[in-house]
Structures are given as structure tokens and as C-alpha cells.
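# Fold and contact review
Listed below, chain by chain, are the residues.
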Amino acid sequence: MDEETTVHPDLDHPYLPGGESDRPCIKVYSGPLKGKEYPLTKEEYIIGRDLSSDIVVDEKVVSRRHATIMRKFNEYVICDLDSVNGIYVNNLKLDKAVLQHGDMIQIGSCLFQFLWQRRRLK
């Protein structure tokens, strides 16, 4: 990124009534995909430069198959796929992380936010 910017995303999501939903999604705050949202309806998503990826990030610093987001039981896990530049979750370079509502993920210049407020049983 040419210019360092601090992003403070609003955790209230316009498509989640009352801020609660059992439908997870990824929202993009910067980079070539800025403004896009990706509902996570499948068991696995590949993020990368390759056109066959589920989320295509067309940047040289992004590997062809950069990372994967997988649903495992009641959690979503992001894993680096041995990319050259890695993945950052909440500004920490990690190989793997269990995603929590509001987590920020950086891949190349794309800043993603994981949104999933699960309904609580009353």
C-alpha cells in the first residue's frame, strides 16, 4: 500500500438485522475489491490471483492460490497456502487463524473484514 491508512469499520452490518445473523460474510474495505461483499455459503473458499479462485485478487503480491477460508464445524478458519507474502489477521502475520466476528484480514492491498454474529440461544 502506498499510503498507510487506519480503517475503523462499523461492526453494524446493513444486511444483518439487529446486528445478528447466522450468515457469515467477508466485506472488503481496500484494494481492487473495495466495496464488495462475499457471503460464505460454501465449505471452502480460495483467495488468490488465479482466475479459478473464489475470491480473485489481481495483484502481483498475491499468490495464485494465496489463502483458504474453510468452515470447520461451527468455525471459519483462514489458512495461508504457503504464499510468498503471507496473510495478516488483525495486523499479525499468521499461518492459520480461527476467525471471529470483526476480524480484519489483509492479503496484498485488500483489507477484508469477517462478519458473523451468531444468534444466541435464549
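In case you missed it, the structure is sitting above this.
A brief look at the structure comes next. (Residues numbered from 1 in each chain as written. Predicted model: local features only at pLDDT ≥ 70, side-chain atom pairs only at ≥ 80, totals over all residues. Heavy atoms only, no water.)

## Brief notes about unusual backbone geometry
Although it is not a glycine, F73 adopts a positive phi angle of roughly 60°. If you trace the backbone, F73 turns up in the loop between β5 (67–72) and β6 (75–80). Residue F73 is classed as exposed on the basis of its relative accessible area of 79%. Backbone geometry at N90 places phi at a positive 50°, although glycine is not the residue there. (Helix = DSSP H or I, 4+ residues; strand = E, 2+ residues; numbered from the N terminus. Buried < 20%, exposed > 50% of the residue type's maximum accessible area, 1.4 Å probe, protein only.)

## Focus on the pairing of strand β11 (residues 110–115)
The buried count for β11 comes to six of six residues, which makes it a mostly enclosed element. Of the two faces of β11, the one holding C110, F112 and F114 and the one holding L111, Q113 and L115 are both buried throughout. As defined by bridge partners, strand β1 (residues 25–30) adjoins β11 across five bridges and the pair is classed as antiparallel. What sits directly across from K27, in β11, is Q113. With four bridges joining them, strand β10 (residues 104–107) and β11 adopt antiparallel strand pairing. Counted as the bridge partner of I107 is C110 from β11. (Pairing = 2+ DSSP bridges.)

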